[in-house]
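The chain contents come next:
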Amino acid sequence: MLRKTLPALPPLVACAAMLLAGAAPAAAGPPTAMRFTRIDHISPGVLFQTFRTKTSHGTALGYLLEVDLGNPHVSVDLLHPPAVAARRTVTDMVNTQHALAGVNGDFFNIHESHTGVTPTGSANGPEVADGHDRKGAVPNGQRFGPALPAGTSTEDVIGIGVDQVARVASLHLAGTIRAGQTRFDLRGLNQYALPVDGIGAFTSDWGTMSRIRATCGTDTRRGAPCSADIAEVTVARGMVTHVGDAIGEGAIPPDTTVLVGREQGADALRTMRPGDLVSVDYHLASDLPGYHLTSDVPGRFQFAVGGYPILRNGQPLTDLDTVSAAPRTAAGVGQKGQRMYLVVVDGRSEKSGGATIAELSALLSRLGADDAVNLDSGGSSTFTLREPGQSAATVRNNPSDGSERAVANGIGIFIRP
């Protein structure tokens, strides 16, 4: 049902209105038919739409937020729990952070095969919230989720740069530890898995969860045993206060950094002594060609969340899955980074058969995205919205688990005065 009469078609609704009327913009590949069942402005610059589309597994029900990033009253940022190593439902994060709407984000450390190691609940990829770098990306072989398409990695994100342009890009951690005249590379930031031989930094953002998971697995095998060659150093206000071979847990004060090392990284940490002066510097940045922003660090993002690319420059990536249909969550950008699309497709029910990754890519292209990423799907797929007049957001899709799943992060839409 079209709830609002649209006598003039602003750019934000032009594509949707064409589809509602039976026309469609040119796009290659499935889905072959789409019908919008609702088009509603829920706020200036934010359009909420529901749709039905045909996929290889029958009819699929979908939910779309189309966001005009050029509107000064709209912003996009990371939905997140109080700690990196924690999970919350999308609805809880939307309401706690006073967002208008949101969808779930990156795949995360949801289960463990290492004896005595508790899943951290933290995400695979980078996180940037309100310009603050919360975490880096785990090694590709340590990630949770389906196989990555060729040419992608856990460092891939969708986000918005400090220039207020949305992008799908890659964010890498650049970090250095200096102890006297000695310099070491920092290979991790609040990550549930560190590269072999690496050193990672854990800050107050991590939370109270044990840091031992960071020393388990290898760069190519998530289930490989935990390393026995490990060390941990606590640096408080620039001075080493503890050096040991046991990996700890518990809250980290804001003025403190805990360094965790494995193999050669552990050897490096063991050279430090209590009282040594140590500096730890790091940032997440993109090396996207031509991406040089006016900021202290080129390539800085204001907001970013991990997700693997499925659409680049209007074209689907090669080797996308064309067989397995499931509930899906995706995010895309279009109109030279001034438009963002958040999509959830229901699945695993009689009413909605879900979509394959290839169909999801085609769907985002059809909606107007030039670049898009696949986010965590299945039971994690959640679309939450607070409509005008409502005091709190509620779930609008039909989670396949029967209720909302607690997740690592999400993408939130915020309204500013």
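My aim in this report is to walk through the structure given alongside it, one point at a time. (Residues numbered from 1 in each chain as written. Predicted model: local features only at pLDDT ≥ 70, side-chain atom pairs only at ≥ 80, totals over all residues. Heavy atoms only, no water.)

**A closer look at the packing of aromatic side chains**
1) Next: Counted under the stated rule, the structure contains five aromatic pairs.
2) Next: Judged by centre distance (5.7 Å) and plane angle (50°), the rings of Phe36 and Phe51 are tilted. Taken as a pair, Phe36 in strand S1 (residues 34-43) and Phe51 in strand S2 (residues 46-55) lie far apart in primary sequence, 15 residues in all.
3) Next: Residue classification places Phe51 among the buried residues on the basis of a relative accessible area of 2%.
4) Next: Members of the aromatic cluster, connected to one another through ring pairs, are Phe48, Tyr63 and Phe383.
5) Next: Above the ring of Phe107, the side-chain terminus of Arg143 is found at 5.7 Å from the ring centroid. (Phe/Tyr/Trp six-rings, centres within 6.5 Å; stacked < 30°, edge-to-face > 60°. Helix = DSSP H or I, 4+ residues; strand = E, 2+ residues; numbered from the N terminus. Buried < 20%, exposed > 50% of the residue type's maximum accessible area, 1.4 Å probe, protein only. Lys NZ or Arg CZ within 6 Å of the ring centre and 35° of its normal.)

**Thoughts on the environment of Phe51**
1) Next: Through-space distance from the C-alpha of Phe51 to that of Leu64 is 8.0 Å; in sequence the pair is 13 residues apart.
2) Next: Ignoring anything within four residues of it in the chain, the contact list for Phe51 reads Met34, Arg35, Phe36, Thr37, Ala60, Leu61, Gly62, Tyr63, Leu64, Val343 and Leu363. (Contact = heavy atoms within 4.5 Å.)

**Topic: the pattern of salt bridges**
1) Next: Counting across every chain of the model gives 18 salt bridges.
2) Next: As a salt-bridge pair, Arg339 and Asp68 come within 3.2 Å of each other at their nearest N and O atoms. A residue pair is termed long-range when its members are at least 10 positions apart, and Arg339 in strand S21 (residues 339-345) and Asp68 in strand S3 (residues 58-68) qualify at 271 residues.
3) Next: A salt bridge links Asp185 to Arg183; the nearest nitrogen and oxygen atoms lie 3.1 Å apart.
4) Next: Beyond isolated ion pairs, a larger network of salt bridges with shared partners links Arg38, Asp40, Glu387 and Arg396. (Salt bridge = Lys/Arg side-chain N within 4 Å of Asp/Glu carboxyl O.)

**What about the side chain of Thr91?**
1) Next: Inspection of the secondary structure assignment puts Thr91 in helix H2 (residues 90-96).
2) Next: Not counting chain neighbours up to four residues away, the residues in contact with Thr91 comprise Thr384, Ala393, Thr394, Val395 and Glu404.

Geometric descriptors of this kind do not, in isolation, establish any biological role.
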